[in-house]
Amino acid sequence: MSKPKGLALIRKSDETHWVGDGFPVRTMFGYHDSRFDMSPFLLLDYAGPAEFPPTKERLGVEEHPHRGFETVTIVYSGEVEHRDSSGGGGKIGPGDVQWMTAASGVVHEEFHGVDFAKNGGVFQMVQLWVNLPKKDKMTSPRYQTLTKSQIKNVDLKNGAGVVRVIAGEFAGVKGPAHTFSPVNLWDIRLNKNATVDLKLPEGHTTAILNLNGKVALSDGEKINEAELAVFNRTGEVITLKTEEPAMLLLLAGEPINEPVVGSGPFVMNSMEEIERAYSDYHQGRMGKIAPQST
Ligand code: MN
């Protein structure tokens, strides 16, 4: 079978690890992984789908820092509560996105929402790390809550489904996210027996994560659940076909051709900057989360 047009490789992750005690994730790629340069993207963690019983505990990740990039959290099922040292925070639920620019540094915490924890249920989320250009790495942190109602739906032709434009543009409709470099992020919901042609942005790193359902590319290669198809940067038109409904996340971004030097929660351009990040964090220069007012 010849490789479908544009497809570079399919990544799978068989191993689930816990981020804190709230997020059982499969890391689809990380910035230390050299199989394919995913720039401007640094990491994609796919959490769940996993069933959580009702609990009064706070499940999640205690306070920790980030510097040099953005974390984008997309909730499909469940709720995430976030608070950070810049005073940002809030709760997001299914269909909502939290776009946090760590930039010069934030300290934040990420937990399951209290109401979700109380009732229990299925938790499903994606966290994507987007790199910042060198010139923006030390800019001020900012926080964008992109609610379900702010994210516009574009109907695909022939009732094939819907594209929710989180960032970038699809069919002339722009997403609400402000980004530092060109990034497209589309939440794609396909109906059964759908055929859809997508023009991939030329020169961009493009990948499609399958969150639910089976999807075939032209020539029959399948993207199964929890697989990430990575495409060449040649700007092809790809064809997706479904037999059953499917939920996909497409990420595309212009590569940032600058050195990537990372360590844990910090991603900079040099080792000196990483050392400075650790020392700034340990000396409290990334701030503190304000005590919760209840
Ligand atoms: Mn974090």
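Definitions and cut-offs
- Residues numbered from 1 in each chain as written.
- Predicted model: local features only at pLDDT ≥ 70, side-chain atom pairs only at ≥ 80, totals over all residues.
- Heavy atoms only, no water.
- Core = buried A, V, L, I, M, F, W, Y, C linked by side-chain atoms within 4.5 Å.
- Buried < 20%, exposed > 50% of the residue type's maximum accessible area, 1.4 Å probe, protein only.
- Contact = heavy atoms within 4.5 Å.
- 1 Å grid on protein atoms, 1.4 Å probe; cavity = no way out; pocket = protein on both sides within 12 Å on 5 of 7 lines; lining within 4 Å.
- Points joined across faces, edges and corners; volume = space filled by probe spheres on them.
- Helix = DSSP H or I, 4+ residues; strand = E, 2+ residues; numbered from the N terminus.
- Nonpolar A, V, L, I, M, F, W, Y, C, P; charged D, E, K, R; others polar.
- Pairing = 2+ DSSP bridges.
- Salt bridge = Lys/Arg side-chain N within 4 Å of Asp/Glu carboxyl O.

A. Local environment of the nonpolar core. Core analysis: the largest hydrophobic core is formed by 33 residues, its most contacted members being Leu44 and Leu185. Residues in contact with Leu185, not counting those within four places in the same chain, are Val72, Ile74, Trp99, Leu128, Arg164, Val165, Ile166, Ala167, Leu249, Leu250 and Leu251. Formed by 27 residues, the second largest nonpolar core is a distinct cluster that contains Val163, Val165, Ala229 and Leu240.

B. Examining the layout of surface pockets more closely. A volume near 230 Å³ is recorded for the largest pocket. Around the largest pocket sit 13 residues that line it, and Val19, His64, Glu110, Gln127 and Trp129 are the ones nearest its centre. Elements that contribute at least two residues to the lining of the largest pocket include exactly strand S3 (23-29), strand S5 (60-66) and strand S11 (121-131). It is S5 that contributes the most residues to the lining of the largest pocket, four residues altogether. Per-class residue counts for the lining of the largest pocket are eight nonpolar, three polar and two charged.

C. Representation of the pairing of strand S17 (residues 183-190) within the structure. The buried fraction of S17 is high, at seven of eight residues. Where strand S14 (residues 161-167) and S17 come together, six bridges link them in antiparallel fashion. By the bridge assignment, Arg164 is partnered in S17 with Asp187. The pairing of S17 with strand S24 (residues 246-253) spans eight bridges and is antiparallel. The partner of Asn184 across the bridge, within S24, is Ala252.

D. Up close: the pattern of salt bridges. Evaluated as defined, the whole model comprises 12 salt bridges. Across the salt bridge formed by Arg67 and Asp280, the nearest N and O atoms sit 2.9 Å from each other. Highlighted residues: Arg67 in the loop between S5 and strand S6 (69-77) and Asp280 in helix H2 (residues 271-282), separated in sequence by 213 residues. Given the relative accessible area of 4%, Arg67 is considered buried. Judged by its relative accessible area of 9%, Asp280 falls in the buried class. Through salt bridges with shared partners, a single ionic network connects Arg58, Arg83 and Glu109.

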